[in-house]
Amino acid sequence: MSPEATDEDVAHVVERVESVGGEAFVSKGVVRTIIGLVGDIESFHGLNLRTLKGVADVHRISDPYKLVSRQHHPERSTVWVGGRDGAPRVPIGPETFTFMAGPCAVETPEQTLESARMAQSAGATILRGGAYKPRTSPYAFQGLGVKGLEILADVRAATGMPVVTEIVDARDVDVVAEHADMLQVGTRNMANFGLLQAVGDAGKPVLLKRGMTATIEEWLMAAEYIAQRGNLDVVLCERGIRTFEPSTRNTLDISAVPVVQATSHLPVIVDPSHAAGRKDLIVPLSRAAIAVGADGIIVDVHPDPETALCDGPQALLGTELRELAQACRKLPALVDRVPSHERATTA
Ligand code: PEP
Ligand code: MN
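If you're wondering where the values come from, they're calculated on a predicted model, not measured in any experiment. All residue numbers here refer to positions counted from 1 along the written sequence of the relevant chain. To read the labels, note that chains go from A and ligands from 1, taken in the order they are written. Note on the predicted model: pLDDT of at least 70 is required for a residue's local features to be given, and 80 or more for side-chain atom pairs to be given and counted; whole-chain, interface and lining totals, by contrast, use all residues. Where side-chain values are given, they derive from all heavy atoms of the structure, hydrogens and water being excluded.

Draft legend 1. Summary view of the coordination of the manganese ion (ligand 2). Around the manganese ion (ligand 2), the protein supplies C104 (SG), H274 (NE2) and D311 (OD) as donor atoms, at distances of 1.9 to 2.2 Å. Mapping the donors of the manganese ion (ligand 2) onto the primary sequence gives the spacing C-x169-H-x36-D. Here H274 lies in helix α9 (residues 272–276) and C104 lies in the loop between β5 (96–102) and α3 (109–121), a separation of 170 residues in the sequence. Water is not among the atoms examined, so metal sites may look incomplete; donors are the N, O and S atoms within 2.8 Å of the metal, or within 3.2 Å for Na, K and Ca. Helix numbers and strand numbers start at the N terminus; a helix is a DSSP run of H or I with at least 4 residues, a strand a run of E with at least 2.

If you want it as structure tokens, here you go:
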């Protein structure tokens, strides 16, 4: 209860809790009163406790996750990515805005380098690119595998951009960790618990995408699997969820960003490309992500989307990429953030 809460306010809360069959234990402190609730959590949800007079805050103390929770770690965390092969260490956290971009898939050395240059000249500081592609169809391009990882490492050396790339099989952890700066777990593997434990053991930062049908709590539980292996360098990525709406590939759950930030200390970024699946929506959704307080965005770019082997329709180039670059330059300052390159440190 807030320090101003009256005895009547307290009594009213107790009465509401008891009205749904719960028990309320009141402990009066010198400064404030805490009311402990025991009973069925679902029935308490219907009470809208936060709206009752005198209530300052409502905490579910039975959070199923611990290591990733702000209850155990109130300060929001910064995760540092990079610092090898001449690439800087780039922060992802509450004070900065980190723009990551690159091709959906690594196709050739030229296409990857050209995509990285496009990304870099638009202001991106971390390069994305899939060497292992988790495709819905087994007949679709599956990625170049180790060859793709080698291309990414070469492009890092050429551009100075740290690399994030997806891992789809726990057996590849060593080879991916050997080449990449950050390991990505995709939406289709968010609940692959063996893979989560394996990346938790790999000693590299992890980019954990939200499962397309996962609740925020399930997503944080997945992060907890990684944290439990001693790796707290986890960045969460909202990439859209499945809804009834067919005009976008998935529905970007923009409210997930502040919801996660209120409950977890981990950084959270947004992937408008895989959420929308349409390039015309990337700039507006990126602006929304910056405005809502995301710690970064990750976007698909490709020098020739028409020939892209994967996700061409959502890849940016030309005017739209320039618009995105401008948004990433101007908007973060309005929400008190500096572009990540200003805080990056040389290795
Ligand atoms: C990707 O980023 O390349 C990707 C496959 O994304 P998602 O897992 O969000 O579909
Ligand atoms: Mn893709």
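Still more ground to cover, so stick around.
Draft legend 2. Local environment of the environment of L152. Summarising the element assignment, L152 is placed in helix α4 (residues 146–159). The buried category is assigned to L152, whose relative accessible area is 1%. Each C-alpha atom, one on L152 and one on M182, is 12 Å from the other, the two residues being 30 residues apart in sequence. Any two residues whose heavy atoms approach within 4.5 Å at even a single point are treated as in contact. Each residue touching L152, except ones within four places of it in the same chain, is listed here: V106, T112, L127, G129, V163 and T165. Only protein chains enter the accessibility calculation, which uses a 1.4 Å probe; a residue is then buried when its area is under 20% of its type maximum, exposed when over 50%, and partly exposed in between.

Draft legend 3. Spotlight on the environment of A291. Topologically, A291 is positioned in helix α10 (residues 282–292). For A291, a relative accessible area of 55% translates into the label exposed. Along the primary structure A291 and R337 are separated by 46 residues, whereas in three dimensions their C-alpha atoms are 11 Å apart.

Draft legend 4. Representation of the site of ligand 1 in the model. Close to ligand 1 lie R128, K133, E166, Q184, G186, T187, R188, K209, R239 and H274. Within the side chain of K209, an N or O atom sits 2.9 Å from an oxygen atom of ligand 1. Its free accessible area being 290 Å², ligand 1 has 96% of it covered by the protein chains. We place a 1 Å grid over just the protein atoms. Points where a 1.4 Å probe fits but has no way out form a cavity, open points with protein on both sides within 12 Å along at least 5 of 7 lines form a pocket, and any residue with an atom within 4 Å of a point lines it. A molecule is counted as occupying a cavity or pocket when more than half of its atoms fall within 2 Å of that pocket's grid points. Because more than half of its atoms lie within 2 Å of the grid, ligand 1 is assigned to the second largest pocket. Side-chain classes follow a simple rule in which Ala, Val, Leu, Ile, Met, Phe, Trp, Tyr, Cys and Pro form the nonpolar group, Asp, Glu, Lys and Arg form the charged group, and the remainder, Gly included, forms the polar group. The residue inventory of the shell around ligand 1, partitioned by class, reads no nonpolar, 4 polar and 6 charged. Any residue with a non-hydrogen atom lying within 4 Å of a molecule or strand is treated as near it. We define a polar contact as two N or O atoms separated by no more than 3.5 Å, with the added condition that, inside protein, one atom must be a possible hydrogen donor and the other a possible acceptor, whereas residues neighbouring each other in sequence contribute only through side-chain atom pairs. Only the protein chains shown count as cover for residues, with accessible areas throughout obtained via the Shrake-Rupley method and a probe of 1.4 Å.

Draft legend 5. Region of the structure containing the packing of aromatic side chains. A pair of Phe, Tyr and Trp rings is counted when the ring centres sit within 6.5 Å of each other, with Trp represented by its six-membered ring. The angle between the planes then sorts it: under 30 degrees is stacked, over 60 is edge-to-face, the rest tilted. One pass over the structure, following the stated rule, counts 1 aromatic pair. On the basis of an interplanar angle of 20 degrees and a centroid distance of 4.4 Å, the ring pair of F193 and Y225 is categorised as stacked. With F193 in helix α6 (residues 193–201) and Y225 in helix α7 (residues 216–228), this pair connects stretches of sequence that are 32 residues apart. A relative accessible area of 37% means that F193 is categorised as partly exposed. For Y225, a relative accessible area of 28% corresponds to the partly exposed category.

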